[in-house]
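Read off the chains here:
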Amino acid sequence: MVTELPWDEKAGTLRRDLAAGMMNPACKHALEAALQIKERFSAKITTVTMGPPASEEVLREALALGADEAILICDRLLAGSDTFATSLVLKEAIKKKCPKFDLILCGAYTADSETAQVGPQLAEELDLPAAAYVEKLEISGRTLRVRRMVDNFRETLEMEFPALVTVSMENYKPRYAKLSGLDDAFCGNEIKTLDTASLGIKAASMEKKGSRTKVRKVFLRKAQKGNVLLQGAASNVVNEFLDKYQRKIGTVIGKSIEEKKLDDKK
Amino acid sequence: MTRNRKKSIWVFGDYRNYYQNRVTLQLIARAVALAKIIEAEVCALIFGHEIDEWIMEYTAHGADRILAIDDPALKSYSTEKYLAIIEALAKERNPEIILIGATDFGREFAPRLAKRLKTGLSADCVGLDITDDGLLLQIAPSFCGNMLAEIVTEFHRPQMATVRPGTFKEIPHDYERKAIVERLPLMNNLPKSRVRLIEYERSVEKEHTIENASVIVCGGRGMGNREKFKKLQELAKLLGGDVGATRPVVYAGWAEHGVLVGQAGKHIKPKILFSFGISGAIQHTAGLGEADFIVAINKNPQATMMKMADVAVVGDASDVLNNLIKELKKRIRE
């Protein structure tokens, strides 16, 4: 786990080079969904990520798990991109490298800022029918049927390929890589690296097409409550806590909580 | 046609769980405060069928103007239809700001709307203000830590944000209030939906869950391991409550994703929250906004969770848990 905060304080953007190298947990579920589709139908899986060179490790992991192809979009020009710019660049890469896709799967969340915005914005860029938070996918012919839970509503949706879904973490528990997969990851398949020039994105156009939002400041969250601090051996501290708050707890749970010795005195 | 309109702050009317989720009212309240600073009006959007109740409610809670489309074709929520409608309205009327509740729907819908309007969007804000230079200051949680970022959209309009439910307080209703209600026809060039809604129903399985539990026992990595974590269940049972978990715990497989508490999981509002071995990253604490009374147990008295707590118990989470279970068994009378 990355627990240090890799913020570049000057630029105010996440330093992805420090956070790279681990696959986003939700993306693992999306990859698992793709692998299960591949097991049932003849499919080719291309994984795409945008990040610093270290993100290559994420792609190696995907190849080891069974992906067929991997594309890394890597360019200093893209550092600090917001979701608006990221989704635009992903679109360019997909159009260039795998324009005949049937289905795009994204993780429903990202581990860093949890914006969950890139998937839906990519759907807009590619003008695709889309659904977020998908728990289950079924394919028959060119029709994709998905189930999901949104705001307490259980929904079943259908759309035709090509389509985009973001996959939740309810199902599609990620598998572990097999040893033979590791061979593929490091010997068989090459990772293709793209930069903005090869995508036909000019530095000048990133000004106009690039990020819409700007981080002005990053700061530590302040805690608000003044609080009671209890310290000591576990058994003592628990007794002290209950003596003080058992009445309050009792009221909430609708049961009486009291010390035995009080009982004995009756 | 450009008219010299007053600036407008739009609030998307997410009325689907009106009685459970008041985020639209909370956003209207915040918009009213922001509108005063930038001299704007607050405009609520309501698209649906048989929506008079929401028109009345949003007016009573502070909206100056309502843009309403009441049509049987809008009977159920549709991302695609709403996108087309708001895209057309926004291009015609140029709102300064659009605020959307960070419900599941909002978090899927808002990014697409922002993309269509070619503008910026910040996700799941926990604060909104106006900067000295008159921009919407969007305060959003950032990288897995206790960090907040101040985000602005400098050069594009509208400025957009999704906002976490529970961030702001609604204005008490006043049914005498009046708003300008514009009832608009559904545009007839609405594109055909490419996503077909086959089935939808309000989920019953969700009715009794962690979201409405009055006692919640949450555990984090500080519990040590899966077996020790499972012990939380025992305390929850004693107190008639539910167990919640942080993200690292869910990822480690100690708990199901369904009990994840936080920004990407459940937003809880227990009367008492026990927090065992949780440091208090904002991804988790963002889900605790409405917890009444917090008891945190952690080795580190400097942990954010300990500072947020009403009672902070310094100690090994698992030790304290075991002692608490033992002692409660002695003390609870049925």
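Residues numbered from 1 in each chain as written. Chains lettered and ligands numbered in written order. Predicted model: local features only at pLDDT ≥ 70, side-chain atom pairs only at ≥ 80, totals over all residues.

Engineer: Looking at this model, I keep getting lost on the overall build of chain A. Mind explaining?
Structural biologist: Tallying secondary structure elements over chain A gives nine helices and 13 strands in all. Going through the 266 residues of chain A one by one, you find that 40% of them count as buried. In chain A, once contacts between residues fewer than 6 apart in sequence are set aside, the share between residues at least 24 apart is 67%. (Helix = DSSP H or I, 4+ residues; strand = E, 2+ residues; numbered from the N terminus. Buried ≥ 20, exposed ≤ 12 C-beta atoms within 10 Å, placed from the backbone. Contact = placed C-beta atoms within 7 Å.)

Engineer: Sorry, what's going on with helix H4 (residues 104–116) of chain B here?
Structural biologist: One full turn of an α-helix is made of 3.6 residues, so residues set three or four places apart face in the same direction. Residues and elements named next belong to chain B. With 13 residues, H4 ought to run about 18 Å at 1.5 Å a step, and its terminal C-alpha atoms sit 19 Å apart, in line with that. Here H4 lies mainly inside the structure; twelve of its 13 residues are buried. Taken together, the buried positions of H4 are Asp 104, Phe 105, Gly 106, Arg 107, Glu 108, Phe 109, Ala 110, Pro 111, Arg 112, Leu 113, Ala 114 and Lys 115. (Expected span 1.5 Å × (residues − 1).)

Engineer: Got a minute to help me understand the sheet that holds strand S7 (residues 143–150) of chain A in this structure?
Structural biologist: Each strand in a sheet pairs with its neighbour through backbone hydrogen bonds, running either in the same direction (parallel) or in the opposite one (antiparallel). Spatially, S5(A)-S9(A)-S6(A)-S7(A)-S8(A)-S11(B) is the arrangement adopted by the six strands of the open sheet, whose pairing is mixed. Where the open sheet ends on each side, the last strands, each with one partner, are strand S5 (103–107) of chain A together with strand S11 (196–202) of chain B. Direction aside, the axes of adjacent strands within the sheet are offset by 30° on average. (Pairing = 2+ DSSP bridges. Axes fitted to C-alpha atoms, helices over the stretch in contact; angles between N-to-C directions.)

Engineer: Whenever I open this one, the interface of chain A and chain B confuses me. Can you help?
Structural biologist: Frequently, the measure chosen for interface size is the accessible area that the parts lose on association. Listed as interface residues are 76 residues of chain A and, on the opposing side, 78 residues of chain B. Here the element with the most residues in the side of chain A that touches chain B is helix H8 (residues 234–253) of chain A; it accounts for twelve residues. Each residue belonging to the side of chain A that touches chain B can be placed in one class, and the counts come to 40 nonpolar, 16 polar and 20 charged. Bridge count for strand S12 (residues 228–231) of chain A against strand S16 (residues 311–314) of chain B is four bridges, and the pairing is parallel. Residue pairing for S16(B): A:Leu229 is matched across the bridge by B:Ala312. (Nonpolar A, V, L, I, M, F, W, Y, C, P; charged D, E, K, R; others polar.)

Engineer: I keep staring at the domain arrangement of chain B and nothing clicks. Help me out?
Structural biologist: Domain boundaries assigned for chain B yield domain 1 (7–183) and domain 2 (210–331). Using only C-alpha atoms to locate each centre, domain 1 of chain B and domain 2 of chain B end up separated by 33 Å. (Domains from an automatic or database assignment.)

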